[in-house]
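Here are the chains, one letter per residue:
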Amino acid sequence: MLHRFAKFLVACTVLLILAGSLVTSHDAGLSVPDWPTSYGWNMFTFPPSMWVANILYEHGHRLIASTVGFLTIIMAVWLWMADPRRWMRWFGVATLGSVVAQGLLGGLTVLFFLPAAISTAHAGLAEIFFCMTVAIAIFTSPGWIAGYDMNAGIDAPAGLHRQGGHAAPPLRYIATTATLLIYAQILVGATMRHTGAGLAIPDFPLMFGGVIPDHWSGAIAIHFTHRVGALLVTLAILALFTHVRSRYRDRPELMRPAALIVALVAVQVTLGALTVLSRRDPWINSFHVVCGAMVLTTSLVLTLRSWRGSFAYHERMEPQRAQSTQRKENDLIRDGARA
Amino acid sequence: MRLRNTWVGLLGIALATTLACGGSQETSSTSAKPESPSATPAGQKVDTATAGDVKGVVMIDGAVPKNEAIKMNADPVCVKENTTPQSQETYMVSADGKNLGNVFVYVKDGLGNYVFDTPTTSATIDQKSCRYHPHVFGIMVNQPLEIVNSDPTLHNIHAMPKGNSEFNNGQPIQGMKMTHTFDKPEVMVPFKCDVHGWMNAYVGVMSNPYFAVSDKDGKFELKSLPPGTYTIEAWHEKLGTQTASVTLGAKESKDVTFTFKAAGATATN
């Protein structure tokens, strides 16, 4: 049940990211000039008849954000009361803290007229919060709790597997690097959006008719960095997929996200190109943001699963808690199986 | 149990904070205090007995770009208020297509130590039929600017100056008014409505009263200028600026013509 709720929170967060990106894409960030009120009303009593034009995007974003915040409170309390893993309980608290900080950044960026630094931080923290919700869904999943099939895989010693082993270091490091690279790419993209550099290079796939721009400005440099970043991320994902496919073909918990992320990257590059070619159509631009977040979290899923063995190792280091942890984990697995 | 109580307490605080926010409906506001006109520093006043005028026309040379079409269907009130196809007000031209309106013309330099009283009467910008009226205008530093919402829909008025303070105020109810003053000269301060993305306007904030906006026939007039040599600038929201130098004798009247081109501009006098 907890795992299902975590997945529901992930779905709501996807919706929240879409709503937030629609705000920026429609240049609607200041259409509700006050915060936390909306035109003087409590945001929950602001009349729907007034949700017109760009207010629909900004006010809708605030309502969805409030809902996600409330769901995160429930999640944190639930984890605190029900999860036997101490680190997991504190992770729930940290997730709640990040959504509170995210709300404050959202308010501050309105009150200070959307300064690029605060707006970019808002976008960056949104991705971290999304990652945390996905991580909770992973950590509460029956597969994670059971340790997946640690005896599968061809590159790790069998003895280590039986003790709750890892995927081999190459996968862990490739996946971790890919995830960090994707996050850096998203930060560059957010900087590009919030400094108005989205069309600083107006053509695609060429740049001012050449392979590299023939002139430079700050905006062009940011935009160029995002395109180079896209290339690097694509290469990293292809390397990740190739590695998983060659060495972990019998590990569905690794193969599935590896295949999915290749498809998502293909969609993402297409959406990025269409964003430029459509002169930043708001919906295409927004789906580009959402797809980027999904690329990041898919890579995160793969990364976390590749590190699963380390979590098992650390849990063995708490012998006093081990028995009760095992008992409660068994309960969670049973609940998960029922669900 | 203690931890559980802590969580319940935190939840209560979060809800109480949310519910305590807002609920009031402002009908007017003042975002800056106007300074008293009597605070004008000592200096030379213009002798109207010797003052002259500068009159002129703003022309546009070449094919006038078409104004961008506007879709107002995101707000039913705006659609109802505008039954014909709408477009931006970027290029306001005369019937023969030769003269250009909505150009802000002002004395940029040459007034030396003259001092001017700040008008106590307000200038007004009205949000009506989902447009700003006027689209281009001027006021003096510390002159009250009354901002009115005449529409039965919400507007926010968002000023984006570089030298003055930025502000963004909501006017959700028809008939709402607020007053604002700018404390530094600035040409131009853009206004926009973030609710209705097509709404924009520009105000020139001046330290002297010698400014005008060209009408649809491109005509403008700067009255009661003291004798002297002046730099006069014409500003257009898309075509940029151009300047002319004018030397005015006592009680003299001079004509100036500004000619903007789609790519570049020239001035003659």
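Cut-off values and rules
What you see as residue numbers is a count from 1 along each chain, following the sequence as written. For this description, chains carry letters from A and ligands carry numbers from 1, given in the order in which they are written. Selection of residues for local features in this predicted model requires a pLDDT of at least 70, selection of side-chain atom pairs for listing and counting requires 80 or more, and totals for whole chains, interfaces and linings are taken over all residues. Helix and strand definitions here come from DSSP, where helices need a minimum of 4 consecutive H or I residues and strands a minimum of 2 consecutive E residues; each element is numbered from the N-terminal end. Put plainly, a residue is buried at 20 or more neighbouring C-beta atoms within 10 Å of its own, exposed at 12 or fewer, and partly exposed in between, counting only other residues' C-beta atoms, which are placed from the backbone. Contact between two residues is assigned when their C-beta atoms, built from the backbone, lie within 7 Å. The axes used here are C-alpha line fits, helices contributing only the stretch in contact, and every angle between their N-to-C directions lies in the interval 0 to 180 degrees. Orientation categories follow fixed angle ranges, with anything under 35 degrees roughly parallel, anything over 145 roughly antiparallel, 65 to 115 roughly perpendicular, and all other angles oblique. Crossings are assigned a handedness: left-handed for a near helix turned anticlockwise from the far helix by less than a right angle, right-handed for a clockwise turn. Three categories are distinguished: nonpolar for Ala, Val, Leu, Ile, Met, Phe, Trp, Tyr, Cys and Pro, charged for Asp, Glu, Lys and Arg, and polar for the others, with Gly belonging to the last. At least two DSSP bridges between two strands are required for those strands to pair. A domain assignment, automatic or from a database, supplies the domain bounds used here. One less than the number of residues in a helix, times 1.5 Å, gives the span that helix is expected to have. Remark: nonpolar core denotes a set of buried Ala, Val, Leu, Ile, Met, Phe, Trp, Tyr and Cys residues whose joining runs through C-beta atoms within 7 Å. The score called pLDDT rates the predictor's confidence residue by residue, from a low of 0 to a high of 100.

## Section: the overall build of chain B
Then, in step 1: A count of helices and strands for chain B gives two helices and 22 strands.
Then, in step 2: Scored against the burial criterion, the 269 residues of chain B give a buried share of 38%.
Then, in step 3: Within chain B, contacts between residues at least 6 apart in sequence are counted, and of these 67% link residues at least 24 apart.

## A closer look at the packing of helix α9 (residues 252-277) of chain A against helix α10 (residues 282-306) of chain A
Residue and element names in this part refer to chain A.
Then, in step 1: Where α9 meets α10, the axes come as close as 9 Å, and the angle between the chain directions of the two elements is 160°. What the angle tells us is that α9 and α10 run roughly antiparallel. Taken as a pair, α9 and α10 cross one another with a handedness that is left-handed.
Then, in step 2: Looking at the contact of α9 with α10 residue by residue, the class counts come to 17 nonpolar, nine polar and two charged.

## Some points on the sheet that holds strand β16 (residues 200-206) of chain B
All names here are of chain B.
Then, in step 1: The mixed open sheet is built from five strands, whose spatial order is β10-β16-β15-β12-β13. Each edge of the sheet is formed by a strand with only one pairing partner; in this case those strands are β10 (136-140) and β13 (167-171). If you compare each strand with its neighbour and ignore which way they point, the axes differ by 25° on average.
Then, in step 2: Here strand β12 (residues 155-159) pairs with β13 via five bridges, running antiparallel. Bridging from a neighbouring strand, A159 pairs with F167 of β13.

## A few points about the domain arrangement of chain A
Residues and elements named next belong to chain A.
Then, in step 1: Under the domain assignment, chain A is made up of domain 1 (1-146 + 319-339) and domain 2 (151-306).
Then, in step 2: Taken together, the contact between domain 1 and domain 2 spans 20 residues of the former and 20 residues of the latter.
Then, in step 3: Of all elements in the fold, only α1 (2-25) and α4 (116-139) reach the threshold of two or more residues within the side of domain 1 that touches domain 2.
Then, in step 4: In terms of residue count, the dominant contributor to the side of domain 1 that touches domain 2 is α4 (eleven residues).

## Overview of the domain arrangement of chain B
You'll often see interface size given as the accessible area lost when the parts meet.
Residues and elements named next belong to chain B.
Then, in step 1: When the domains of chain B are assigned, the result is domain 1 (46-105 + 212-269) and domain 2 (117-207).
Then, in step 2: The distance between the C-alpha centroids of domain 1 and domain 2 comes to 20 Å.
Then, in step 3: The partner domain 2 presents 15 residues to the 14 residues of domain 1 that form the contact.
Then, in step 4: Its residues placed into classes, the side of domain 1 that touches domain 2 shows seven nonpolar, three polar and four charged.

## So, helix α8 (residues 218-247) of chain A
Residues and elements named next belong to chain A.
Then, in step 1: In this model, α8 (30 residues) spans 43 Å end to end at C-alpha, consistent with the 44 Å of a helix rising 1.5 Å per residue.
Then, in step 2: Within α8, burial applies to I222, H223, H226, V233, A236, I237, L240, F241 and V244.
Then, in step 3: Buried residues belonging to α8 abut α7 (169-194) and α9.

## Here's the deal with the sheet that holds strand β20 (residues 240-248) of chain B
Strand pairing in a sheet is mediated by backbone hydrogen bonds. Such pairs are either parallel or antiparallel.
Residue and element names in this part refer to chain B.
Then, in step 1: Strand order in the open sheet formed by four strands is β17-β7-β19-β20, with antiparallel pairing between adjacent strands. A single partner strand is all that each edge strand has here, and the edge strands are β17 (211-213) and β20. With direction set aside, neighbouring strand axes in the sheet form an average angle of 25°.
Then, in step 2: Sheet topology places strand β7 (residues 104-109) next to β17; three bridges connect them, and they run antiparallel. Across the sheet, V105 pairs through a bridge with A212, a residue of β17.

## Some points on the nonpolar core
Then, in step 1: Judged by nonpolar contacts, the single largest core of 126 residues is most densely connected at A135(A), L240(A), V58(B), F104(B), V105(B) and V203(B).
Then, in step 2: At twelve residues, α4(A) tops the list of elements feeding residues into this core.
Then, in step 3: If sequence neighbours within four positions are ignored, F104(B) has contacts with V136(B), G138(B), V187(B), M188(B), G204(B), F211(B), V213(B) and W235(B).
Then, in step 4: If you look at the next biggest cluster of nonpolar residues, it comprises six residues, including M192(A), A197(A), I201(A) and I222(A).

## Remarks on the confidence of the model for chain A
Then, in step 1: Summary statistics for chain A give a mean pLDDT of 89 and a share of 86% for residues scoring 70 or more.
Then, in step 2: Here residues 152-165 of chain A is modelled with pLDDT under 50, and outside its nearest four sequence neighbours on either side it reaches 24 contacts, counting other chains as well.

## Details of the environment of K98(B)
Residues and elements named next belong to chain B.
Then, in step 1: Relative to the elements of secondary structure, K98 occurs in the loop between β5 (92-93) and β6 (100-101).
Then, in step 2: The spatial distance from the C-alpha of K98 to the C-alpha of A63 is 9.3 Å, given a sequence separation of 35 residues.
Then, in step 3: Ignoring sequence-local partners within four residues, the contact set of K98 consists of M59 and I60.

## Quick notes on the pairing of β10(B)
Residue and element names in this part refer to chain B.
Then, in step 1: β10 sits mainly inside the fold: five of its five residues count as buried.
Then, in step 2: Side chains V136, G138 and M140 project from β10 onto one buried face, and the interleaved F137 and I139 project onto a second face that is buried too.
Then, in step 3: Looking at chain direction, β10 and β16 are connected through five bridges and run parallel. Across the sheet, the residue bridging to I139 is V205, located in β16.

## Side note on the packing of α1(A) against helix α2 (residues 55-82) of chain A
All names here are of chain A.
Then, in step 1: Packing of α1 against α2 brings their axes to within 9 Å, and their N-to-C directions diverge by 155°. In this view, α1 runs roughly antiparallel relative to α2, as classed from their interaxial angle. Between α1 and α2 the crossing geometry is left-handed.
Then, in step 2: Of the residues belonging to the contact of α1 with α2, the class tally is 18 nonpolar, six polar and one charged.

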